[in-house]
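Observations on chain architecture
Next come the chains, spelled out residue by residue.
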Amino acid sequence: MSEDVFKKIVSHCKEYGFVFQSSEIYDGLSAVYDYGQMGVELKNNIKKYWWDSMVLLHENVVGIDSAIFMHPTIWKASGHVDAFNDPLIDNKDSKKRYRADVLVEDYLAKIDEKIDKEVEKAAKRFGDSFDEAMFRQTNPRVLENKKKRDEVHERFAKALNDNNLEELRQIIVDCEIVDPISGTRNWTDVRQFNLMFSTEMGSTADGAMKVYLRPETAQGIFVNFLNVQKTGRMKIPFGIAQIGKAFRNEIVARQFVFRMREFEQMEMQFFVRPGEELDWFEKWKETRMRWHKALGFGDHKYRFHDHDKLAHYANAATDVEFEMPFGFKEVEGIHSRTDFDLSSHEKFSGKKIQYFDPELNKSYVPYVVETSIGVDRMFLSIMSAAYCEEELDGGESRVVLKLPAALAPIKLGVLPLVKKDGLPEKAREIIDQLKFDFKCQYDEKDSIGKRYRRQDAIGTPYCVTVDHQTLEDNTVTIRYRDTMEQERVAIDKLSDIISDKVSMKNLLKTI
Ligand code: GAP
């Protein structure tokens, strides 16, 4: 897949009411998006798939919904006030601001591209006899580029690890990285920039308090650990799940809903006995990967990316990456966070946050394994995998969203063949029967062919056409989105045929 396909997906999202630029009539607000009438249905279905997989399928996982505003000391305790930073650099000519680490990453990616192009060219030249591994090991131009890449990468990783901002700038200078707008190398120093948004609570006369818009939902779970454990009489191991908005003042905000300033997370903190966290980490890794793969887009689209550099509070971390049109990218993070958060909240709040383990007959601060996934990234991964352009017989083509039926915004399109002779009324009758089970859409405008295309474009798995024969024998033609096959079925069989395939329960059973 390419950037071209990505552009098409972005415009498809707009054209069919999935995603709009926020505040569009005011020329938009960068990296903020609104979900439209189709997008919200798909998003809600994704959230339901996640929520049910956590709290329905696990007796020991319960949910909460905590507030976005929290006591500001929480963000001191979590480390976000001091360390939730990105390194920034400005170009003095264009006055544009960049993430210094992203400038270097883009530079490294360009070298990789150069190497890949070299390999591609050779593959064309040599045809079937081409030995790619051998070529990569021996071709002088490839080796030279690889050496350059590895040297810069090593310096870069060290600079990030040591938090050495001067060295980060020096790498940009040494690599002769230019500003894509001004084309110059007139860079400022690199500075740290905190990603949290803040606002004020209370009036100024009362002495307003600076509060933050939460940059992750997880802290709402940590600070409610004892509330939930005590009131729910939860025994370790147990988990708390939450879906909610998070906010980050991202400097490089691009790639559509992949990196937003206001986004939604689905997080689950699983509290375990100290010493058992790495076993649970492995278990949750497997469980989460099964959840992703159950959507049926193909196992090759997913991979784990283990972190080389661990945050100071983590003793294991991995990302679930998905093959987006712009390469494999993180969709979910799974982290073994030790007792860092709960211990830190104990220290900052002065309150004991411990669990008495009746089997061990002692109290301890539980360890935590976290699974954290972005709803919007999940949405983008699903749209990317489902988007399909197909050539049809007779020189026609169609765009179809091959969404898993349980996630599709509309499950059934109901189409009267003509707008008269009682067919619209019959179509409405069918909707009235089925609307309690799943979302139906009535459409009578344009030819049947055009209406099928519109339903294909929003991923509707089934359409039924109501024609004159329907009035005589109560049958309709059902058309299947993926195969485009059609068959005649009785109206009273529709619910059985469709319910089974669109059911969230059946999807959950495949995890
Ligand atoms: N509590 C852990 C945590 O927040 P993270 O890796 O920073 O970890 C978790 O974020 C997930 O949230 C990511 O894997 C991604 O799916 C999503 N996410 C993070 N920043 C995002 C952004 N700016 N826009 C959209 N999704 C984002």
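Report on the accompanying structure. Here the structure is a predicted model, which means the values were calculated and not measured.

**Some remarks on helix α2 (residues 37-56)**
Between the first and last C-alpha of α2 there are 27 Å, a value that for 20 residues agrees with the 28 Å anticipated at 1.5 Å per step. Every buried residue of α2 is listed here: M38, G39, L42, K43, N45, I46, K47, Y49, W50, D52, S53 and M54.

**Some thoughts on the sheet that holds strand β22 (residues 475-480)**
What links the strands of a sheet is backbone hydrogen bonding, and the strands pair in either a parallel or an antiparallel sense. Strands sit in the order β20-β19-β21-β22-β23 across an open sheet of five strands; the sheet is mixed. In the strand order of this sheet, the two ends are held by β20 (440-442) and β23 (486-490), each with one partner. Within the sheet, the average angular offset between the axes of one strand and its neighbour, ignoring direction, is 30 degrees. Note that strand β21 (residues 462-466) and β22 share four bridges and pair antiparallel. Counted as the bridge partner of V464 is I478 from β22. Against the sheet, helix α15 (residues 448-458) touches β19 (412-416), β20, β21, β22 and β23, its axis set at about 170 degrees to β19.

**Things to note about the packing of helix α5 (residues 100-126) against helix α7 (residues 140-161)**
Following both chains from N to C, one finds α5 and α7 inclined at 160 degrees, their axes separated by 10 Å at the closest point. Classified by the angle between their axes, α5 and α7 sit roughly antiparallel to one another. As α5 packs across α7, the resulting crossing turns out to be left-handed. Contact with α5, carried on its side by D101, V104, E105, Y107, L108, I111, D112, K114, I115 and E118, involves R141, V142, N145, K146, K148, R149, V152, H153, F156 and L160 of α7 and no other residues of that element.

**Describing the nonpolar core**
Counting 63 residues, the largest nonpolar core has F18, V19, Y49, W50, V257 and F379 as its most contacted members. If you tally residues by element for this core, the top one is helix α13 (residues 375-386), at seven residues. Not counting residues within four places of it along the chain, the set of residues in contact with V257 comprises V19, Y33, Y35, D376, R377, F379 and L380. Among the nonpolar cores identified, the runner-up in size contains 24 residues, and V104, I115, F135 and V142 belong to it.

The rules we used
Residues numbered from 1 in each chain as written. Predicted model: local features only at pLDDT ≥ 70, side-chain atom pairs only at ≥ 80, totals over all residues. Heavy atoms only, no water. Helix = DSSP H or I, 4+ residues; strand = E, 2+ residues; numbered from the N terminus. Expected span 1.5 Å × (residues − 1). Buried < 20%, exposed > 50% of the residue type's maximum accessible area, 1.4 Å probe, protein only. Pairing = 2+ DSSP bridges. Axes fitted to C-alpha atoms, helices over the stretch in contact; angles between N-to-C directions. Contact = heavy atoms within 4.5 Å. Parallel < 35°, antiparallel > 145°, perpendicular 65-115°, else oblique. Left-handed = near helix turned anticlockwise from the far one by under 90°. Core = buried A, V, L, I, M, F, W, Y, C linked by side-chain atoms within 4.5 Å.

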